[in-house]
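Observations on the model geometry
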Amino acid sequence: MYYLINPFKNIFNYSGRASRKEFWMFQLYYFILYILLIFPLSFIIMLFDTDIDNLSDIFFFGFLILHSIVNLSISVRRIHDLNKSASYLFYSFIPLVGHTIDEPHYKFSNKSRYTLW
């Protein structure tokens, strides 16, 4: 439960570190929450053409904004754990190539005890 609550406690903390386990547990939580809540809810709204579109739009937008901020924060702290600058996250914005450059940084563990951040 620590790995699900800690990213939300550090939502505006862009310094420090995040372990591999903390990062990947948050990604797993985000994926499962999306599959179990967001996808079925949007399917039900589309299927039955209900009048709660405005409410669901507010819910989806709030979910997207909140989790995007938390995901950015935990990604920056994960990169800092590897002794890299947060500017490495800008590689992910390069189409087709950025993900292959950016993704391996999240998979490695930090070998040294000293980090710059």
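Parameters at a glance
Residues numbered from 1 in each chain as written. Predicted model: local features only at pLDDT ≥ 70, side-chain atom pairs only at ≥ 80, totals over all residues. Heavy atoms only, no water. Phe/Tyr/Trp six-rings, centres within 6.5 Å; stacked < 30°, edge-to-face > 60°. Buried < 20%, exposed > 50% of the residue type's maximum accessible area, 1.4 Å probe, protein only. Helix = DSSP H or I, 4+ residues; strand = E, 2+ residues; numbered from the N terminus.

1. Comments concerning the packing of aromatic side chains
Tallying each qualifying case throughout the model produces 6 aromatic pairs. Where Tyr 2 meets Tyr 3, the ring centres are 5.3 Å apart and the plane angle is 75 degrees; that geometry is what we call edge-to-face. The exposure class of Tyr 2 is exposed, given its relative accessible area of 52%. We classify Tyr 3 as partly exposed; its relative accessible area is 25%. Arranged with centres 5.9 Å apart and planes meeting at 70 degrees, the rings of Phe 8 and Phe 26 form a pair that is edge-to-face. Highlighted residues: Phe 8 in helix α1 (residues 2-9) and Phe 26 in helix α2 (residues 20-48), separated in sequence by 18 residues. By relative accessible area, which is 25% here, Phe 8 ends up partly exposed. Under the relative-accessibility criterion, Phe 26 is labelled buried at 1%. Taken together, the ring pairs connect Phe 8, Phe 26 and Tyr 29 into an aromatic cluster.

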